[in-house]
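Each chain, letter by letter, is given below.
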Amino acid sequence: QVQLVESGGGLVQTGGSLRLSCAASGGSFSRYVMAWFRQAPGKEREFVAGINWSGGSTYYADSVKGRFTISRDNSKNTVYLQMNSLKPEDTAVYYCAARPIGWVPVGPYEYGYWGQGTQVTVSS
């Protein structure tokens, strides 16, 4: 059983940066595919970025490509999301998710483990 705890959210102005962290415990972190999702009020949860077990393959939603970077440190059981050039439309609750080793799907129902979420607000 994997437990996930996100941190690093907050309020930032348009064009600013934030780095989200997700610390995992209770499982073999390197055996898990990790991803970040986000959910804005009134909208469905959407895939933001994903990373395979080794960190050698990363995937991004078109809306964040070139601005966000996902990475992981298996020695620290932590996955990160570096967010640059933030826009008001990036405002949402950001969730960390995990699934057993394999491919990196974009559907939230493919992930069995979730953190509690961290709020990111980008002011215009």
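Reading the values: the criteria
Residues numbered from 1 in each chain as written. Predicted model: local features only at pLDDT ≥ 70, side-chain atom pairs only at ≥ 80, totals over all residues. Heavy atoms only, no water. Pairing = 2+ DSSP bridges. Helix = DSSP H or I, 4+ residues; strand = E, 2+ residues; numbered from the N terminus. Axes fitted to C-alpha atoms, helices over the stretch in contact; angles between N-to-C directions. Salt bridge = Lys/Arg side-chain N within 4 Å of Asp/Glu carboxyl O. Buried < 20%, exposed > 50% of the residue type's maximum accessible area, 1.4 Å probe, protein only. Disulfide = S-S within 2.5 Å. Phe/Tyr/Trp six-rings, centres within 6.5 Å; stacked < 30°, edge-to-face > 60°. Core = buried A, V, L, I, M, F, W, Y, C linked by side-chain atoms within 4.5 Å.

### A closer look at the sheet that holds strand β3 (residues 18-25)
Step number 1: Overall, antiparallel pairing links the four strands, which are arranged β1-β3-β8-β7 in an open sheet. Here the strands that pair on one side only, and so sit at the sheet edges, are β1 (3-7) and β7 (68-73). The mean angle between the axes of side-by-side strands here comes to 15°, regardless of whether they run parallel or antiparallel.
Step number 2: Pairing analysis gives six bridges linking β3 to strand β8 (residues 78-83), with the strands arranged antiparallel. Residue pairing in the sheet places Ser 21 in a bridge with Tyr 80 of β8.

### Describing the pattern of salt bridges
Step number 1: This model, assessed by the stated rule, comprises five salt bridges.
Step number 2: A salt bridge links Asp 90 to Arg 67; the nearest nitrogen and oxygen atoms lie 2.7 Å apart. One end of the pair, Asp 90, is in the loop between β8 and β9 (92-100); the other, Arg 67, is in the loop between β6 (58-60) and β7, and 23 residues separate them in sequence.
Step number 3: Residue Asp 90 is classed as buried on the basis of its relative accessible area, which comes to 0%.

### Some points on the state of the cysteines
Step number 1: In the structure shown here, the tally under the stated rule is one disulfide.
Step number 2: Between the sulfur of Cys 22 and that of Cys 96 lies a disulfide, 2.1 Å long from S to S. The sign of the S-S torsion, about -80°, decides the handedness of the disulfide formed by Cys 22 and Cys 96: left-handed. One end of the pair, Cys 22, is in strand β3; the other, Cys 96, is in strand β9, with 74 residues separating them in the sequence.

### Topic: the packing of aromatic side chains
Step number 1: On inspection of all chains with the given rule, the structure shows six aromatic pairs.
Step number 2: A ring pair is formed by Phe 37 and Tyr 111, whose centres lie 5.3 Å apart and whose planes are at 75°; its orientation type is edge-to-face. You can see Phe 37 sitting in strand β4 (residues 32-39) and its partner Tyr 111 sitting in the loop between β9 and β10 (113-114), a full 74 residues away along the chain. Pair check on accessibility: Phe 37 and Tyr 111 agree, each one buried.
Step number 3: Ring pairing ties together the aromatic residues Phe 37, Phe 47, Tyr 95, Tyr 111 and Trp 114, which thus form one cluster.

### Description of unusual backbone geometry
Step number 1: With phi around 55°, Asn 77 is a residue other than glycine that occupies positive phi space.
Step number 2: Within the secondary structure layout, Asn 77 lies in the loop between β7 and β8.
Step number 3: When its relative accessible area of 26% is taken as the criterion, Asn 77 is described as partly exposed.
Step number 4: For Ser 85, which is not glycine, the phi torsion reads 50° and is therefore positive.
Step number 5: If you trace the backbone, Ser 85 turns up in the loop between β8 and β9.

### Comments concerning the nonpolar core
Step number 1: Within the largest apolar cluster, 29 residues are counted, with the highest numbers of intra-cluster contacts made by Met 34, Trp 36, Val 79, Leu 81, Met 83 and Tyr 94.
Step number 2: Among the elements of the structure, β3, β4, β5 (46-51), β7, β8, β9 and β11 (118-123) are those that each provide at least two residues to this core.
Step number 3: In this structure, Val 33, Ala 35, Phe 37 and Tyr 111 belong to the second largest nonpolar core, which totals seven residues.

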